[in-house]
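These are the residues of each chain, in order.
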Amino acid sequence: MTEAITRPKKLPLKERYALLTRDLDWEPSYVSKEQLFPHTSYEGIKVHDWDGWQDPFRLTVDAYYKYQAEKDKRLYAVLDSFAQSQGHLGLSDASYLNAIKLFIQGVTPLEYAAHRHFAYLARYLEGPAPRFAALCQSVDELRHCQTQIHTISNYNKYYGGFHSWSKMHDRVWYLSVPKSLFDDAMTAGPFEFLISISFSFEYLLTNLLFVPFMSGASFNGDMPTMSFGFSAQSDESRHMTLGLEAIKFLLEQDEGNVPIIQDWIDKWFWRAYRMSALVAAMMDYMLPKPVMSWKEAFELYFEDQMLGGLFPDLEFYGIRPPRHVEQAIAEKDHLSHQVYKILHNFSFAASFTTQTPTEEHSKWLAEQYPETYPQQYKPVWDKHARIEAAGGRVFFQGLPQLCQVCQIPMAFTETADPAAISFRRSEFRDETFHTCSDGCQWIFEREPEKYVQAWLPVHQIYQGNCGGPSVPEVLEWYGIQDGDAGEYRGSPDARSWAEWHSNATKEA
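Quick caveat: nothing in here was measured; it's all calculated off a predicted structure.

**Focus: helix α15 (residues 359-368)**
Then, in step 1: Considered for burial, the residues of α15 that qualify are His-361, Ser-362, Trp-364, Leu-365 and Gln-368. Axial view of α15: buried residues confined to an arc of 155°, hence all on one face. Opposite its buried face, α15 presents the exposed residues Glu-359, Glu-360, Lys-363 and Glu-367, each directed more than 90 degrees away.
Then, in step 2: Along its buried surface, α15 packs onto α11 (257-285), α12 (294-314), α14 (335-345) and α16 (373-389).

See the structure below:
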């Protein structure tokens, strides 16, 4: 009589995934866990059960790479088609590319920085599940950096300002805003980094950047940027889910973690929000054909989705909405106008050009911001238009004072008084430090030892650390070439654009 063949029981996906990932971990034998994972205790966070981490996607490396490879095939097909068909001539206007210059200088280097630090977490987080999640996100961020470089490099053949973007990221004044945020996050502990990037940054900024701005790219004829944006957005959705899992995991591990995490949420909401001011200016002023205002995007992706959906769920854990959130809401009618005015005033020292809004664009801004733009901002732009009609151009003569925390020039106004500049002072070690808002002041006074070390571009210029005392010397040190900066009208980009289209019209 033959024995019956016993077939192995098919495991559920969750158990199978655990065997393929978590159960490959081991107990150290010749070093202690404290020596192997030295960074997971000094922040005060307590983790009692690393297996409590729930992986929402349960992807293995082979499935993950196959999935990403399919996305890359579709993306590079779009890039090749656009390049071969001279697609850059189908943009709404060459001035649109100023927003893309700001993107590759300010956002792309952050993708690479995130790749580096998530790789670090993939080594130093104690639990195997979060280590694997950090590894996948590290690969994601490197892919984003590469696809953005490959996409935008096509424009470098025809237009100025796209060169030396990584060098500019380390040196140029307006790029110290995004760089300082990631430097701040990467010099924090591992758990604070998770909250700062996976939670606050991913939830707040990436939705505002990779959805409405990429829709704006499509609306302005930039199909490659739209393609890499939406290709990255599917990854960002996973990152946001992982960020939510990270915060819930830490909150469930020990109730003593709650006040620590609340402080981090308060800090990193404001830091990410202040950096998103650059995105606000790009959306409202730097798209020749705007598709969605900053105010609309903020209300949809932050007020409705985060405040209306996410934080009520986190209330169960004892988490409240971020400190200073009401100030951010009060600024939504002002933020983009004030930041673009800074970029416009100082574009002689930037690697992109700016222009006064046209009548058509000004009408759109008035429709989007009926309570503020016609009364407070349009008269200023009308004055600029009169000066330019007479052959002039307004630039700020001098260097601005910077906020010690967000490093944006001190040009924000008080929410209760739009005629008064928001200006805060703090004392530390018998020195006075200045910040632009209650949020930045609170962050500074919470960790003054950290922020007194800030590399402020204006201070460095005055100290002679940026190539020399004159504007041409500073621009050479920045890597900005003649024609990259200043006014769009009459710039090399504008002249080339007009000549190419004029020749096309003649040939037709």
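**Topic: a nonpolar patch on the surface**
Then, in step 1: Judged by side-chain polarity, Val-61, Tyr-65 and Leu-135 come together as a nonpolar surface patch covering roughly 250 Å² of accessible area.
Then, in step 2: Summarising the element assignment, Val-61 is placed in helix α3 (residues 61-84).

**Brief notes about the packing of aromatic side chains**
Then, in step 1: Tallied over the entire structure, the rule returns 34 aromatic pairs.
Then, in step 2: Measuring from centroid to centroid gives 6.0 Å for Tyr-158 and Trp-500, while their planes differ by 90°, and the two rings are edge-to-face. Of this pair, Tyr-158 sits in the loop between α6 (128-152) and α7 (165-171) while Trp-500 sits in helix α21 (residues 492-507), and the two are 342 residues apart along the sequence.
Then, in step 3: Between the aromatic rings of Trp-294 and Phe-298, the centroid separation amounts to 5.7 Å while the plane-to-plane angle is 35°, which identifies the pairing as tilted. Here Phe-298 and Trp-294 lie together in helix α12, a separation of four residues that amounts to about one turn.

**Some points on the environment of Ser-92**
Then, in step 1: Within the element layout of this structure, Ser-92 appears in the loop between α3 and α4 (97-106).
Then, in step 2: Expressed as a C-alpha distance, the spacing of Ser-92 and Phe-219, which sit 127 residues apart in the sequence, is 8.3 Å.
Then, in step 3: For Ser-92, the residues in contact, after removing those within four places along its chain, are Asn-220, Pro-288, Lys-289 and Trp-497.
Then, in step 4: Among the polar contacts listed, one links the side chain of Ser-92 to the side chain of Asn-220, at a separation of 2.6 Å.

**Digging into the pairing of strand β5 (residues 431-435)**
Then, in step 1: Alignment of strand β4 (residues 424-428) against β5, held across five bridges, turns out to be antiparallel. Counted as the bridge partner of Arg-424 is Thr-435 from β5.
Then, in step 2: With antiparallel pairing between neighbouring strands as the criterion, β4 and β5 make up a hairpin whose turn holds two residues, including Arg-429 at a positive phi of roughly 55°.

**Remarks on unusual backbone geometry**
Then, in step 1: Its identity as a non-glycine residue notwithstanding, Ser-164 has a phi of 50°, on the positive side.
Then, in step 2: A relative accessible area of 35% means that Ser-164 is categorised as partly exposed.
Then, in step 3: Of note in this structure, Arg-429 is not a glycine but carries a positive phi near 55°.
Then, in step 4: Tracing the backbone shows Arg-429 in the loop between β4 and β5.

**Brief notes about empty space enclosed by the protein**
Then, in step 1: Taken as a whole and judged by the stated rule, the model has six cavities of 30 Å³ or more.
Then, in step 2: As a volume, the largest cavity reaches approximately 130 Å³.
Then, in step 3: Forming the boundary of the largest cavity are 15 residues, of which Val-107, Leu-110, Glu-111, Phe-201 and Thr-206 lie nearest the centre.
Then, in step 4: Put simply, the parts of the chain that give the lining of the largest cavity at least two residues each are α5 (108-124) and α9 (190-219).
Then, in step 5: In terms of residue class, the lining of the largest cavity is built from 10 nonpolar, one polar and four charged.

**Brief notes about the packing of α11 against helix α17 (residues 438-446)**
Then, in step 1: Running from N to C, α11 and α17 cross one another at 130°; their axes reach a closest spacing of 10 Å. By the angle between their axes, α11 is oblique relative to α17. As for how α11 packs across α17, the hand of that crossing is left-handed. Residues Asp-263, Trp-264, Asp-266, Lys-267, Trp-270, Arg-271 and Arg-274 of α11 lie in contact with α17, whose contacting residues are Gly-439, Cys-440, Trp-442, Ile-443 and Arg-446.

Here is what the cut-offs are and how they apply
Residues numbered from 1 in each chain as written. Predicted model: local features only at pLDDT ≥ 70, side-chain atom pairs only at ≥ 80, totals over all residues. Heavy atoms only, no water. Buried < 20%, exposed > 50% of the residue type's maximum accessible area, 1.4 Å probe, protein only. Helix = DSSP H or I, 4+ residues; strand = E, 2+ residues; numbered from the N terminus. Arc of directions from axis to C-beta. Contact = heavy atoms within 4.5 Å. Patch = residues over 30% accessible without salt bridge, like charges linked within 9 Å, V, L, I, M, F, W, Y side chains within 5 Å. Areas by Shrake-Rupley, 256 points an atom, 1.4 Å probe, with all protein chains shown as cover. Salt bridge = Lys/Arg side-chain N within 4 Å of Asp/Glu carboxyl O. Phe/Tyr/Trp six-rings, centres within 6.5 Å; stacked < 30°, edge-to-face > 60°. Polar contact = N/O pair within 3.5 Å; in protein donor to acceptor, adjacent residues only side chain to side chain. Pairing = 2+ DSSP bridges. 1 Å grid on protein atoms, 1.4 Å probe; cavity = no way out; pocket = protein on both sides within 12 Å on 5 of 7 lines; lining within 4 Å. Points joined across faces, edges and corners; volume = space filled by probe spheres on them. Nonpolar A, V, L, I, M, F, W, Y, C, P; charged D, E, K, R; others polar. Axes fitted to C-alpha atoms, helices over the stretch in contact; angles between N-to-C directions. Parallel < 35°, antiparallel > 145°, perpendicular 65-115°, else oblique. Left-handed = near helix turned anticlockwise from the far one by under 90°.

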